[in-house]
Amino acid sequence: MSISGMYMLNAEEYKEEKIQQALSMLYADRKNEFRELSHVLLNEKALKSMPNWKEFVLNFSLDVESAFKTWSGRSPLSINSPQKALTILRQLGHEKTSMNQLAHLLNISYNLSLEFKEIYKRLK
């Protein structure tokens with residue numbers, strides 16, 4: 001597994017071995033959600049050539065949760081908050097035809113992040 005360049009997973013609070021364990025447990029239950037997000041975030045060529053696509057999707061999901069904390073006022077605004085929000089919305093909203101589709105993807109991302117953190121916390 002390579003988490004280089006994935007700044008959300010490279011945070012000091014996470015250890016690489018536990019990330020892998022938690023990710024494999026989460027993926028076992030949430031394969032469909034990972035696949036749905038991967039098809040939105042990555043094109044087919046990138047998906048086939050990217051061995052760490054699950055880590056990429058998880059990193060994105062952690063980023064969505066972090067952005068939501070800012071949007072809901074639980075975290076202070078940073079200098080990058082507006083750009084981060086627009087980037088997330090643009091990535092998920094590409095070729096979507098309704099706000100419901102976008103909200104569905106945001107919910108998937110947010111829930112994956114929360115479930116990962118809960119699994120990670122419970123691992124010894």
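Remember, predicted model here, so these are calculated numbers, not experimental data. (Residues numbered from 1 in each chain as written. Predicted model: local features only at pLDDT ≥ 70, side-chain atom pairs only at ≥ 80, totals over all residues. Heavy atoms only, no water.)

### Some points on the overall build of the chain
The number of helices and strands found in the chain is six helices and zero strands. Counted from the first residue to the last, the chain has its helices and strands arranged as α-α-α-α-α-α. The C-alpha extent of the chain, read off along each of the three principal axes, is 40 × 35 × 25 Å. Residues classed as buried in the chain amount to 37% of the 124 residues present. Pairs at least 24 apart in sequence give 65% of the contacts found in the chain among residues at least 6 apart. Carbon and sulfur atoms make up 53% of the accessible area of the chain, which amounts to about 7900 Å² in all. Distance between charge centroids for the chain: 1 Å, based on 17 positive and 14 negative side chains. (Helix = DSSP H or I, 4+ residues; strand = E, 2+ residues; numbered from the N terminus. Buried < 20%, exposed > 50% of the residue type's maximum accessible area, 1.4 Å probe, protein only. Contact = heavy atoms within 4.5 Å. Areas by Shrake-Rupley, 256 points an atom, 1.4 Å probe, with all protein chains shown as cover. Lys, Arg positive; Asp, Glu negative; His and termini not counted. Charge placed at Lys NZ, Arg CZ, Asp CG, Glu CD.)

### Comments concerning the confidence of the model for the chain
Per-residue pLDDT for the chain averages 90, and the proportion of residues at 70 or more is 94%. Of all secondary-structure elements in the chain, the lowest mean pLDDT belongs to helix α3 (residues 44-49), at 85, while helix α6 (residues 99-122) reaches the highest, 97. (pLDDT = per-residue confidence, 0-100.)

### What to know about the nonpolar core
Within the largest apolar cluster, 32 residues are counted, with the highest numbers of intra-cluster contacts made by F34, W53, L92 and F116. Mapped onto this core, the elements with two or more residues apiece are α1 (16-29), α2 (31-41), α4 (53-71), α5 (81-93) and α6. Not counting the four nearest positions on each side in its chain, L92 is found in contact with L37, V40, L41, F60, L102, L105, L106 and S109. (Core = buried A, V, L, I, M, F, W, Y, C linked by side-chain atoms within 4.5 Å.)

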